[in-house]
Amino acid sequence: MAEGSVQHTALSLLDHLPVLVVLIPFLAAPLVVLIGRNWLAWPLAFMAALGSFIVSVMLLAKVRGGEVLSYHMGGWAPPLGIEYRIDTANAFVLLIVSAIAVVILPYARASVRVELPDRHVPLFYALFLLAFTGLLGVAATGDAFNLFVFLEISSLSTYVLIALGGYRDKRALTAAFNYLIMGTIGATFFIIGIGFLYMATGTLNMADLAARIAELPDNRTIHAGFAFIVVGIGLKVAIYPLHLWLPNAYTYAPSAISAFIAATATKVAVYVLMRFLFSVFQPDFGFVAETLQYIVMPFALLGMFAASFIAIFQNDFKKMLAYSSIAQIGYMLLGISLMSETGLTAAIVHLFNHAITKATLFMVVGAYVLRSGGSFYRSLEGMGKTMPWTSAAAIVGGLSLIGVPGTAGFISKWVLVQAALEQDMWWIALLVVASSLLAVIYVWRGVEVVFMKQPADDVDRRPAPLMMIIPIWIMAGACVYFGLATDVTLGAARDAAQGLMAGPGPLLLGGH
Amino acid sequence: MRHHLILRVVTKLLVGMIMLFALYVQFHGDYSPGGGFQAGVIMAVAFILYGLVFSVGQVQQVLPVWLVHKLVALGVLIYAGTGVYSMLTGYAFLDYAALSPHHPSHGQHWGILLVEAGVGITVTAVMVAIHYAFVGRAPLISDEEW
C-alpha cells in the first residue's frame, strides 16, 4: 500500500549507542538460559559485559563535550515515549558499572566453580547479566518510571544472587530475605513518590517533570512525593540509619557477587539520588536544600563515624568491609549535601574511586575464602604468607580505603576536604580526616590478622588461581593509577557535576 | 484426587476452553482489554489446574521443567528480538514501523502482536515455574497420613 508511505531517515549504529549499552547484556541473559550449556555461559556473559563496556567508553567520549544524547524508545518522542538520556553523569556511572563487570567476570569464573553447584552456573550468569542490565538501565534512562523498572530488575536478581551464597553459608538466605523486604519497601516508597509526582504533573519524563515541578513550588503532593522518593532511594543507598540490610547481604553473598554489588549497586543508587535532587528537583525548590542540610548531612557524618566504629569491632573480614562501605557512602552523601560543584565532584569521583577500591578488597577476600572456606579473621590468620600476591593487593586496597596519597581514595577525600573548606566548613574537613583515622584502625586489624599471624598447620597453602589474581591486580593497579593520573576521573566527575548543577536541560524532541 | 470423578471430568473439559480463552485474550489484546500478561496467566491456569487435579508428574509430562525454563527465556528473546529487528532495519529500538516501512500503522499492529506473544510465553512459563517450584517441594506429611 503506497498511499501511507512515510519518509524515514535510517539510524546508524552510532545513534543506537544509548540503548545498546543496556540491550547487549539484556539480550545475553535469556540467551544464556536458552542455550543452557555451562561452558558457553561464561563466554557469553563476558562478551556482553565487554560489549557494554566498549559502548559506554564511546558514550563517555561523545558526551564529555557537554552534548546530551537522547534516544527515543520505539520512535515515540518524550514526554510521551520513554527516553534514554545520556549526559556526562550517566555516562560516567555507565562506565563504572560496566568496567567493574568486565573485571569481575573472569574472577567470578574461578570462584563460581567452587562456590556453586554445576547446574546453577548458567542461571548464575543469567542473573548476573540481569542485575548488570538493571544497573545500566537505571543509569541510562531519562524516564522516572522506567528507572523504577530497572531498579527492580537489578534488585530482584541481586536478591537471588545473594541467596545463592546459601551453598557456602546458610545465613545468606536470611540475609537475602532481609534485603528483599527492605529493598522492596524502598522500591515501594520510591514508586509512591513517583506516583505523587505523576498525580501533580501528569508526566514521567525527568526533564519534563523538572520543568513542571518548577512551576508548582508550593504543591503539597509534590512535597510528599519528594519525601517518599528520598526515603525510598535512601534505603537502596543504605544511608546510615537505613543500612541494616547491607552488612549481611554483602557478607554472605558469593564472593564475586559481594565484589560486584559492593562496587556498583549502592553507587547507582547514589547516582539516582543525585539525579532526583539536582535534575528533577532543584536545590532551590521547596525544602530540597533543607533536606540536604539538616537530614542528609548529619546522617552522612553519623554514618562516617558510627559505621567505621562498628567496622573496627568486627571479626569477619567481609563484614568489616561491608560496614566500611556504609561509612564510605557517608562521604558521597556529604559531598552531595554541600550543594556545590566541588562537593558534587567529590561525590561523583568517590563513586568511581570507592568502586575500584571495594572491588579490589572484596575480590581479595573472595580469594581467601576459596582457600580457607570462611572470611572470619580466625580462619584468615597468616594468609599473607600463603597467598602473598593476593595479600599485597589487599594492602593497596586498604591504603586506598584509608585515603593515603598516591591512591585513588586520597583523590576523592582531597576534593571533599576542598569542597568543605570552600564553604568555610573547616569542622567538616576535620571530621573527614578524623573518620579516615578510624579507617586506619579497621584496615590495620585486617592487616594484622593476615600478615602478623602464623598460618594454621592444616590450612590449604596453595596461592589463589591466576584467573583471580589477574583481576585483583587490575583493580589494585587501577587504585594506584587513578590516584596518580586524575585527568580522566576527576575531569569527567567535574563535567558531570557541572551538568547536574546546571539543572535539567530542555526536552529533546529532535533526538533519535 | 483419584476419587473426585466430577473434578476430573470437569477439568478435562475445562482445560481446552481455558487455553482457547487465553488465546482469545492474547490475540484480541490490541483491540480490547487483555494482552500478553493476562493471557499468559490464563494459559498458566490451564496447566496449574491440570497439575492440581491430576498430578505434578502428569502435567510435567506435558510441560517438562526444562522446557518451562527455556520458554521463560524464549519469550524475553522474542520481545527483545523484535526491537533488534527494528534496529537492524534502521529504526529506533522497538519502533514497530520497521515491520512494515510503507505502512507504519500496519507495522504497529504486527509489532504489538509479536511483543505480546513474547510477553505471553514468558508469563505462562514463569507462572508455571512458580507453581512447579511450590508443588515440587516434598510435603512434610504425606497425603495418606492425614
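Quick note: structure is the one above.
Residues numbered from 1 in each chain as written. Chains lettered and ligands numbered in written order. Predicted model: local features only at pLDDT ≥ 70, side-chain atom pairs only at ≥ 80, totals over all residues.

**Student:** Whenever I open this one, the overall build of chain A confuses me. Can you help?
**Tutor:** In terms of regular secondary structure, chain A is built from 19 helices and two strands. Relative to the globule expectation of 24 Å for 512 residues, the C-alpha radius of gyration of chain A, 22 Å, shows essentially globular dimensions. Based on the C-alpha atoms only, the size of chain A along its principal axes is roughly 80 × 60 × 40 Å. The proportion of buried residues among the 512 residues of chain A is 62%. Sequence-distant contacts, at least 24 apart, represent 81% of the contacts inside chain A between residues at least 6 apart. (Helix = DSSP H or I, 4+ residues; strand = E, 2+ residues; numbered from the N terminus. Rg over C-alpha atoms; globule rule 2.2 N^0.38 Å. Buried ≥ 20, exposed ≤ 12 C-beta atoms within 10 Å, placed from the backbone. Contact = placed C-beta atoms within 7 Å.)

**Student:** Explanation requested: the packing of helix H3 (residues 88-115) of chain A against helix H4 (residues 121-140) of chain A in the structure shown.
**Tutor:** The relative placement of two packed helices comes down to the angle between their axes together with the axis-to-axis distance. Residue and element names in this part refer to chain A. Running from N to C, H3 and H4 cross one another at 170°; their axes reach a closest spacing of 9 Å. The angle between H3 and H4 places the two elements in the roughly antiparallel class. Side by side, H3 and H4 meet where Asn-90, Val-93, Leu-94, Val-97, Ser-98, Ala-101 and Val-112 of the first sit next to Val-121, Phe-124, Phe-132, Leu-135, Leu-136, Ala-139 and Ala-140 of the second. Along the lines of polarity and charge, the residues of the contact of H3 with H4 split into 12 nonpolar, two polar and no charged. (Axes fitted to C-alpha atoms, helices over the stretch in contact; angles between N-to-C directions. Parallel < 35°, antiparallel > 145°, perpendicular 65-115°, else oblique. Nonpolar A, V, L, I, M, F, W, Y, C, P; charged D, E, K, R; others polar.)

**Student:** Mind showing me how you'd approach the nonpolar core here?
**Tutor:** With 249 residues, the main nonpolar core has Ala-45 and Ile-162 of chain A as its most contacted residues. Residues in contact with Ala-45 of chain A, not counting those within four places in the same chain, are Ala-28, Val-32, Leu-105, Tyr-125, Phe-128 and Leu-129 of chain A. (Core = buried A, V, L, I, M, F, W, Y, C linked by C-beta atoms within 7 Å.)

**Student:** Help me understand unusual backbone geometry, please; the structure alone is not making it clear to me.
**Tutor:** Most peptide bonds take the trans configuration, and most residues that are not glycine carry a negative phi. Following Pro-78 of chain A, the chain continues into Pro-79 of chain A via a peptide bond in cis, with omega recorded as 5°. Summarising the element assignment, Pro-79 of chain A is placed in the loop between strand S1 (69-72) and strand S2 (83-86). Phi is positive for Ala-238 of chain A, which is not a glycine, with a value near 70°. For Ala-238 of chain A, the position within the fold is in the loop between helix H8 (220-237) and helix H9 (246-252). A tally of 28 C-beta atoms within 10 Å means that Ala-238 of chain A is categorised as buried. Non-glycine residue Leu-94 of chain B carries a positive phi angle of around 65°. Mapping Leu-94 of chain B onto the fold places it in the loop between helix H4 (65-88) and helix H5 (104-135). Using a count of 23 C-beta atoms within 10 Å as the deciding quantity, one classes Leu-94 of chain B as buried.

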